[in-house]
There are 4 protein chains.
Amino acid sequence: MSPSPSVDAHTRERIPVALLGATGTVGARLAQRLTDHPWFELVEVAASERSEGSRLGERVAPDAALHPRIAGLTLRSPTADFRSHLILSALPSGAARAVEAELAARGHLVVSNASAYRDDPRVPLIVPEVNADHLALLDTVREAAAGEAVPAPGGGIVTNPNCAVAGLMPAVAPLHRRFGIERLIVTTLQAISGAGRPGPSAIDLVDNVVPYIGGEEDKIAAEPAKILGRVEGDRIVPVPLSISATATRVPVLHGHLESVSVQLSTPASPDEARRAWREFRAPEAVAQLPSSPERVVEIADHPDRPQPRLDRDRGSGMTVTVGRIRPCPVQTLRFLVLSHNLERGAAGAAILNAELAVADGRVRSQL
Amino acid sequence: MSPSPSVDAHTRERIPVALLGATGTVGARLAQRLTDHPWFELVEVAASERSEGSRLGERVAPDAALHPRIAGLTLRSPTADFRSHLILSALPSGAARAVEAELAARGHLVVSNASAYRDDPRVPLIVPEVNADHLALLDTVREAAAGEAVPAPGGGIVTNPNCAVAGLMPAVAPLHRRFGIERLIVTTLQAISGAGRPGPSAIDLVDNVVPYIGGEEDKIAAEPAKILGRVEGDRIVPVPLSISATATRVPVLHGHLESVSVQLSTPASPDEARRAWREFRAPEAVAQLPSSPERVVEIADHPDRPQPRLDRDRGSGMTVTVGRIRPCPVQTLRFLVLSHNLERGAAGAAILNAELAVADGRVRSQL
Amino acid sequence: MSPSPSVDAHTRERIPVALLGATGTVGARLAQRLTDHPWFELVEVAASERSEGSRLGERVAPDAALHPRIAGLTLRSPTADFRSHLILSALPSGAARAVEAELAARGHLVVSNASAYRDDPRVPLIVPEVNADHLALLDTVREAAAGEAVPAPGGGIVTNPNCAVAGLMPAVAPLHRRFGIERLIVTTLQAISGAGRPGPSAIDLVDNVVPYIGGEEDKIAAEPAKILGRVEGDRIVPVPLSISATATRVPVLHGHLESVSVQLSTPASPDEARRAWREFRAPEAVAQLPSSPERVVEIADHPDRPQPRLDRDRGSGMTVTVGRIRPCPVQTLRFLVLSHNLERGAAGAAILNAELAVADGRVRSQL
Amino acid sequence: MSPSPSVDAHTRERIPVALLGATGTVGARLAQRLTDHPWFELVEVAASERSEGSRLGERVAPDAALHPRIAGLTLRSPTADFRSHLILSALPSGAARAVEAELAARGHLVVSNASAYRDDPRVPLIVPEVNADHLALLDTVREAAAGEAVPAPGGGIVTNPNCAVAGLMPAVAPLHRRFGIERLIVTTLQAISGAGRPGPSAIDLVDNVVPYIGGEEDKIAAEPAKILGRVEGDRIVPVPLSISATATRVPVLHGHLESVSVQLSTPASPDEARRAWREFRAPEAVAQLPSSPERVVEIADHPDRPQPRLDRDRGSGMTVTVGRIRPCPVQTLRFLVLSHNLERGAAGAAILNAELAVADGRVRSQL
C-alpha cells in the first residue's frame, strides 16, 4: 500500500458517496457514520426497487435516528447512474452479485459489506489493520471470462468480512503473525442485530438460544485464511488454516462473543499472547484513518469479561476486546473475543475500508 | 450392580426420605419431584441454621409451588437426628463437606447434588445410565485417615455430577464406548437457574452474556474422566481424557446448551455417531427406575435445534437432546447438546441416583 | 341456553372438526388442544392459498410440536367444501370476513377467534362463563341486506373476544354483576405470542417495551360492553360502560398482565370484591364442558403476584389470576389480572365456545 | 429564587463535593456525572462501614467504568468529617435518616437522592424546572423538636423525588399549571436498574414481569402534590391531587415507562396538551444550569413511542419523552411518559439540584 502523503484529509473537500441498501440495519448504521464524517458526504442513496422514489427516512426503522438532511434523500435504484465514484454497499448478498459487478464495470469503486464477492480470490477481503496490502489486487487488469463484467480502470470491488470474522481477525492476526495458527475451534454467541431487520421473531429469542445461523459457519471457516493470505499475481493465496465454527444466536442486542481455542505452531503462554496483542499495531497509514480506533485490541483483565453490553462500545465499536486468556488442555490457548457486530463487524468495517481506499489514492470525487 | 429382583416397587411401602438444603432452587425441585414419587416419601427437611424452626413453605421462593403437606414440614438443622436412612442433599458445597461425612458416619446413605465429594476417588460420582456399577465403592470398608469420619456400615455418600457434566455424559458416553474419546472442547451456554437463587442480578443478564461461571470449567474438565473410569479396589481410576471447557451464562431460564467438538480414537462419521446414540441403552435395571426417561438421548433433526426452551422438557427434563452433528474440520466430530439443568443436571439426577441405590438394595426404611 | 341433557359426551362418537388458519400461532394451539380432545376430532385443515396442498406439519413453526396424525393433514383452501359441520377459525381478520360469512351461508357453524364479526351486534361474542345465553342469537332468522350472505339454518358465526378482553372478563363480570362497573381504566402488558408469528422483531423487544398494539385499544374499549349486554330480538344491546385502554407489548412469551382501576356503581371494599370473585361460578352446563377450568378466577394472595411466568398456566391456561386488590384513590378499586393469551385468550376460548355449542345441541357431525 | 448574577461558572474554581453511598448504582452514576463536571470536583467519597478504607474502584460494580482518579479515592464513613460544604447523598434510605440530619446540623448542604426526608414538609423536594422556589425553605430558622438535630446556618437537606415521580413531573407540571390536574391514574413499567444492585434476581425477570415494587406506589401517590405545592412559612403546603399508582418491574435495563390518565379541571384536547408541553420552559436560571437539557419535555410523534431503549438517552437522560396523547374516555386525557430512571430519576436529578443550589448562592467551597 502506498498512501499518498500529499493528501490532507482535513482541508480537502468532502468526497461524495453513494450508499446502496440504505434502508437495512447495516445501511442505516452506515448512514449514521457518514453523517459527520470528516472525509465523506453521503449524497446518493439506493435500495430495492419497491422503495425507489421514497425518502430514505420513510423507509428505515424508527430506531435509525437519521440526520434530517440524510433522511430527506430520495431512494434510487441500485443500478442508477451515480455521480459518486465511491459507492458503499450494504445490499443483500443476492442483489449484490449482479449490481456490484456492474457498477465496478462502469468504473465505480464499490466498498461492500455484502458476502457476494468475499470468496472470489481476485476480490480483496480486507481488515485494514491486517491486510491493507491486499488492496493491490485492484491494480490487476483482469481478463473477462465469458459473460463476466470486469472492472473498468479505477473501478473495482473491496469487501469486508462477515461480522463474526471481522471481530475475530484483530484477535487472530497478532497470534498468527507471531506464533502461527494451525487450527482454530470457535463457538460464537451472536447478537440479534447481526441478522438485520426483521431478523428473528421475538418469540424465538425470549428465554432461548437458537444454535444455528444459516451460512455463517462456512464463512467463519473460510474467510480468515484468505485475509491472512498473500497476493500472488491477480489473486489471493490463502494460508493453510483449519477452522471449526459453531454459530449461535443469543438474546443480546449488539455484540458478538466468540469462544476460541487455537493450536499454535510455536507454543505460547497466555502472557506471551497478551504481549502479542498489546504490541499489535495497525500500519501507520491505517492508524491515522478517521475511523481507526486508538487500540485495535484491548485486553479485559476482569475474569468475567468481555461482556457484550459492557464492552461492545469500546473505541466507538471498532475496538475488539479479548479476555479470559488461558492455556487450552487440548490445543495451545483459549480465550474469548467480543466485538460490535454492526461497527467493527459491518458498517465501521466498510467505512474503514473506504477510508483506506482514499488514503491509498484510489478514490475520485466523481465518476 | 445386582438389583434385588424381589423388590416390587409398586406394592412396597414408600421409603421415608430426608432432604437437606430444601430451601434453595435445587432443593425445591427435589421437593417437587418427591411429591408424588412412587417409592419415596419426603418426611424430613433441613436447611441452614437461620431457617431452622420455620416451615419449608415460608422459606422457599414463591415460584416453588410446593404441595401443602410438604410446605408444612418444619425445617431442622442439617445435622439433626434424622430417622430416614436415605438423605438427599442439595446443600451448598461448603456446608456439605462436613455435614455429609458426618451423616454417612452415622450410617445414613447420603445422595448428594453438592460438589464437595465429587472429586474424591473413593466416592461414587454416578450417572446411572453410564456407570451404575460405581455404586460398588460403597461396599469398600475404608480406613479412617487422621481426623476423618468414615462411613458406618450401610452409610456412604453418592454424588451426581455438576449440571453441565450431567447433561453432557449421555451424549459423551455412547461415543466413548464405541469410538473412544481422546479430547473434547466444549463451550457451554448455561441457564440462569443453574446459579440458584438469588444468582446473578437481573441487571447483568439483560441484553448481555456473562462468559464466566466460577469453578465450573474445572468441574467440566475433571468429572467426565471419573464417570467413564473404572473401580479398582476402593477407588475410581479415571480414563485418560483431555477436556477444555469455557462456561458462559446466557439469558435463558432453564436448559444448558453445550457446543462440543471431540477427537475420537476410531474415526466416526456423523451417521455412525447417530447410530451410537440411537442404540445407547441404559442397563435394564436402570431403565426401569421410575425417573428413567424413555430415551436417554434424543437426536433433533431440524437444523436449528436443540433449543433450550423447546427441548429442555423432553422426558420430564431427563432426556438429553443432541443436534447439529457434523464432521469437525479440526477434530473428528462436533455437535450440540441440550439438557435441563435442574432435572437431568441436578434434582432429577439425584433422585435417579437414589432410585438406583434402592434398586441395588442399599436403602433401608429407617436408620 | 338449553343444553340437551340427552347428549352423552363420553360415549358418543367424536365430532369431526375443520380448522381454518391452522398454520399460525393460534391455529397451531388449536390443533394441539384438539389432539386428545374428548369430543372433537380434527379432520380437515385449511390455510391461506399459498400453503394449499402442503402438509400442515411443513407449514407450522417448529415449536408447534403437532401430533404426527395432525401434522400429516393436507392443507386446503379456507373456502373448500368441508364435510365437518363445525369449523374453527383462526384466520387473520381480513380473510375471515368473507370466508366465515360464506361458510355460515353454506350451513357451517363457524366458531371464530378472528375479530371480523366481533363488533357485529347480530353475532354472538361469547365468554361461556359470562354470557352463554347470547348463543340464542343463532336462532334468529336474519333478513339479508343487499349483497350480504346470511347464515343458512344451522349455520352461523360465534366469536370469542380479543385476547386481552378474554382475560379481563372473568375478573370484570363478577364485579359488574354484584356492584355494577361504570368506568374502567386499564393498562395492559401483553406477551409477544399475542402477536402471532412472525410478530415483532427480536430487535424491538430486547431491553425494551413497545407501548402500542395496533387496533388493540379499541377492541378492549368496545368488546366488554357487548359481552355484558343482553339479547334483544336479533341483536345484543351493550351495557353502558366507559373503558380507557392503553396496550403495551413487553418481553414476555405468554401471559397478558392487566393493571385495572374500576369505578363501581355500588361501593365495594377489596374484601367484598374478593368475595364476589370467590363466589363466581360458571353456569352448571358450562362448568361441565371439557375445557372448563376448575376455577374461572383465582386470587393470588402474595403481594407480588400475579406474574406471567408463574401464573399463566393455572387451569391449563384457562384460569384467570387476580391479585393486588386495593382501594383506588381515584375510582373504587384497582387490581391486576393475568391470563394466558393463547389459551384463555384465543385457542382455549374458541374450543370452549365450540364445546358450548355442542352442549347446546347446535353441532351436527356432518354438513 | 435569586441566582447571583456575578457567579461565572466557567472561570471560577471547581467546588469540592463529597459523595455518600458512592458504591451503589446511583452512587456510581453520580461519580460518573461528576467526572468532567464544569462546576464540581469529587474529592471525598463514603459508603457503608464495611467498605471503609477501600478504594472506591474496588467496591463498585465492574460496569461502573469510573475515571481512574475517582476510582482511586478512599472510602470513608458517611459520618466522617468532610471538608466539602456540599454533600451529595445516594445512601439507602435507612442510613440516610440519621446521617443526613447530622451532616446538616454540622452545616453541610446535603443534596440527597434518598427518600428519608422527601415527605418532611420542611425539607424541599425539588425538580428544578418545576419548583426551584422551594429552595427558600432552607432560609427558615427551625426550632428543634426534642431530640431533633436542626440544620446549622448554611446547612440543610435538599431532596429529589423518587425515580418514577421525577420522570412524571416534567409531563405533569405543564398540564397542572395550565389546566389543573385533579386526579391521576398511573401504571408504571419500571426498569431493573431502578432497584439498584443486586436488585431482582435474573431468574425473576426472564420471560416475566413483577407487578410490585415495595413502597413505590405510596411515593408516587404522595410526592407530586408536594412538588406542585407552595411554601407557607417553614413548610410546603401540597396541592390537592388524588393519585392512584400501580408499579411494575419489567425486563428493561434503564427507562421507566408510565401509562397515565388525568382528570383536568379545565378540559383540554390532546393538541392543547401538546401546546402546553411545547411551551413549557424551565426558569431562565434553571435552563442555564450545566445539567439542564435543551428540552425538558419532548413529544414523540410516532404512534409506537416512547420506547425505553430508543428514548431514554435524550438530553443525556434528562429529557422526558411524552407520546400517544389521546382523549381518555374515562377522565380527560391519557398519554405515556418515558424517562431515564438513573439520570432524570436519580443521579442527574441530584446533580441538577446541586447546581441549582450553587446558582442560588447557597454553596461554599469549604465547610
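These numbers come from a predicted model, not from an experiment.

### Details of the overall build of chain A
- The helix and strand tally for chain A stands at 11 helices and 14 strands.
- Along the first, second and third principal axes, the C-alpha atoms of chain A reach 55 × 50 × 45 Å.
- Counting the 367 residues in chain A, one finds 60% classified as buried.
- For chain A, long-range pairs separated by at least 24 residues make up 75% of all intrachain contacts whose partners lie at least 6 apart in sequence.

### Description of the interface of chain B and chain A
- Listed by partner, the interface residues are 34 residues for chain B and 35 residues for chain A.
- At the level of elements, β7 (181-190), β10 (242-249), β11 (256-264), α10 (308-311) and β14 (333-339) of chain B are the ones that each hand at least two residues to the side of chain B that touches chain A.
- For the side of chain B that touches chain A, the leading source of residues is β10(B), giving five residues.
- A breakdown of the residues in the side of chain B that touches chain A according to their chemical character gives 19 nonpolar, nine polar and six charged.

### So, the pairing of strand β14 (residues 333-339) of chain D
Residues and elements named next belong to chain D.
- Among the seven residues that make up β14, seven are buried, leaving the element largely enclosed by the rest of the structure.
- Residue alternation in β14 divides its side chains into two sets, Leu333, Phe335, Val337 and Ser339 and Arg334, Leu336 and Leu338, and both sets are buried.
- Where strand β11 (residues 256-264) meets β14, seven bridges bridge the pair, whose relative direction is antiparallel. Residue pairing in the sheet places serine 259 in a bridge with leucine 336 of β14.
- Both strand β13 (residues 320-327) and β14 contribute to a ladder of five bridges, which runs antiparallel. The residue bridging proline 327 from the neighbouring strand is leucine 333, located in β14.

### Re the sheet that holds β11(B)
Residues and elements named next belong to chain B.
- Taken in spatial order, the six strands of this open sheet run β10-β7-β11-β14-β13-β12, and their pairing is mixed. Two strands close off the open sheet at either side, each with one partner strand: β10 and β12 (297-300). Across the sheet, the axes of successive neighbouring strands diverge by a mean angle of 25°, strand direction being ignored.
- Direction of pairing for β7 relative to β10: parallel, over a ladder of eight bridges.

### With respect to the domain arrangement of chain A
Residues and elements named next belong to chain A.
- For chain A, the assigned domains read domain 1 (15-160 + 347-359) and domain 2 (163-339).
- Of note, the centres of domain 1 and domain 2, computed from C-alpha atoms alone, are 24 Å apart.
- The interface is formed by 33 residues belonging to domain 1 together with 27 residues belonging to domain 2.
- Among the elements of the structure, α1 (25-35), α5 (128-131) and α11 (347-359) are those that each provide at least two residues to the side of domain 1 that touches domain 2.
- Residue composition of the side of domain 1 that touches domain 2, grouped by class: 17 nonpolar, nine polar and seven charged.

### Quick notes on the relation of the copies chain B and chain A
- Least-squares fitting of chain B to chain A yields an RMSD of 0.0 Å, with the transformation described by 0.0 Å of translation along the axis and a rotation of 180°. On this basis, the relationship between the two copies can be described by a two-fold rotation axis.
- Both copies present the same face, since 100% of the interface residues in chain B are matched by interface residues at the equivalent positions in chain A.

### Some remarks on the sheet that holds strand β10 (residues 242-249) of chain A
Residue and element names in this part refer to chain A.
- Overall, mixed pairing links the six strands, which are arranged β10-β7-β11-β14-β13-β12 in an open sheet. A strand with exactly one partner marks an edge of an open sheet, and here the two such strands are β10 and β12 (297-300). On average, each strand axis in the sheet is tilted by 25° relative to the strand beside it, whichever way the strands run.
- The pairing of β12 with strand β13 (residues 320-327) spans four bridges and is parallel. By the bridge assignment for β13, alanine 300 is matched with glycine 323.
- Of the strands in this sheet, β7 (181-190), β10, β11 (256-264), β12, β13 and β14 (333-339) touch helix α6 (residues 163-179), which is tilted by about 25° from β11.

### Some remarks on the packing of helix α6 (residues 163-179) of chain B against helix α7 (residues 216-227) of chain B
All names here are of chain B.
- Direction vectors running N to C along α6 and α7 enclose 40°, while the axes themselves pass 10 Å from each other. Taken together, the axes of α6 and α7 are oblique relative to one another. Every pair of crossing elements has a handedness; the one defined by α6 and α7 is right-handed. Contacts from Ala164, Val165, Leu168, Met169 and Val172 of α6 reach α7 at Glu216, Lys219, Ile220, Glu223, Pro224 and Ile227.
- Of the residues in the contact of α6 with α7, the class split is eight nonpolar, no polar and three charged.

### Looking at the relation of the copies chain C and chain A
- Mapping chain C onto chain A calls for a rotation angle of 180° and an axial translation of 0.0 Å; the resulting RMSD is 0.0 Å.
- Looking at chain C, 100% of its interface residues are interface residues in chain A too, so the copies touch through the same face.

### Description of the environment of C:Cys328
- You can see C:Cys328 is positioned in the loop between β13 (320-327) and β14 (333-339).
- Exposure remark for C:Cys328: the 21 C-beta atoms within 10 Å place this residue in the buried category.
- On a C-alpha basis, the gap between C:Cys328 and C:Ser269 in space is 9.9 Å, while along the polypeptide they are 59 residues apart.
- If near-sequence neighbours (up to four positions away) are discounted, C:Cys328 is found in contact with C:Ser261, C:Leu333, C:Arg334 and D:Ser244.

### Details of unusual backbone geometry
- Each neighbour pair has its own omega, and for A:Arg305 with A:Pro306 the value is 5°, a cis peptide bond.
- Despite not being glycine, B:Ala65 has its phi angle at roughly 50°, a positive value.
- Residue position: B:Ala65 is located in the loop between α2 (56-59) and α3 (68-71).
- For B:Ser316, which is not glycine, the phi torsion reads 55° and is therefore positive.

### Brief notes about the environment of A:Gln366
Residues and elements named next belong to chain A.
- For glutamine 366, the location among the structural elements is in the segment after α11.
- In this structure, the C-alpha to C-alpha distance between glutamine 366 and isoleucine 15, residues 351 residues apart in sequence, is 8.5 Å.
- Here glutamine 366 is in contact with Arg83 and His85, once residues within four sequence places are set aside.

### A word on α1(A)
Residues and elements named next belong to chain A.
- Summarising burial for α1: nine of the 11 residues are buried, a large majority.
- Thr25, Val26, Gly27, Ala28, Arg29, Leu30, Ala31, Arg33 and Leu34 are the residues of α1 that are buried.
- Elements in contact with the buried residues of α1: β1 (15-20), β2 (40-46), α3 (68-71), β4 (86-89) and α11.

### A word on the confidence of the model for chain A
- Confidence along chain A averages 94 in pLDDT terms, with 96% of residues attaining 70 or more.
- Considering only residues more than four positions removed or in separate chains, one finds that residues 1-11 of chain A, a stretch of pLDDT under 50, has 15 contacts.

### What to know about the environment of A:Ala287
All names here are of chain A.
- With respect to the helices, strands and loops of the structure, alanine 287 is situated in helix α9 (residues 284-287).
- When the C-alpha positions of alanine 287 and glutamate 129 are compared, they lie 7.8 Å apart, and in sequence the two are 158 residues distant.
- Residue contacts for alanine 287: discarding those within four places in its chain leaves Arg281, Ala282 and Ser292.

About the thresholds
Residues numbered from 1 in each chain as written. Chains lettered and ligands numbered in written order. Predicted model: local features only at pLDDT ≥ 70, side-chain atom pairs only at ≥ 80, totals over all residues. Helix = DSSP H or I, 4+ residues; strand = E, 2+ residues; numbered from the N terminus. Buried ≥ 20, exposed ≤ 12 C-beta atoms within 10 Å, placed from the backbone. Contact = placed C-beta atoms within 7 Å. Nonpolar A, V, L, I, M, F, W, Y, C, P; charged D, E, K, R; others polar. Pairing = 2+ DSSP bridges. Axes fitted to C-alpha atoms, helices over the stretch in contact; angles between N-to-C directions. Domains from an automatic or database assignment. Least-squares fit on C-alpha atoms with pLDDT ≥ 70 in both. Parallel < 35°, antiparallel > 145°, perpendicular 65-115°, else oblique. Left-handed = near helix turned anticlockwise from the far one by under 90°. pLDDT = per-residue confidence, 0-100.

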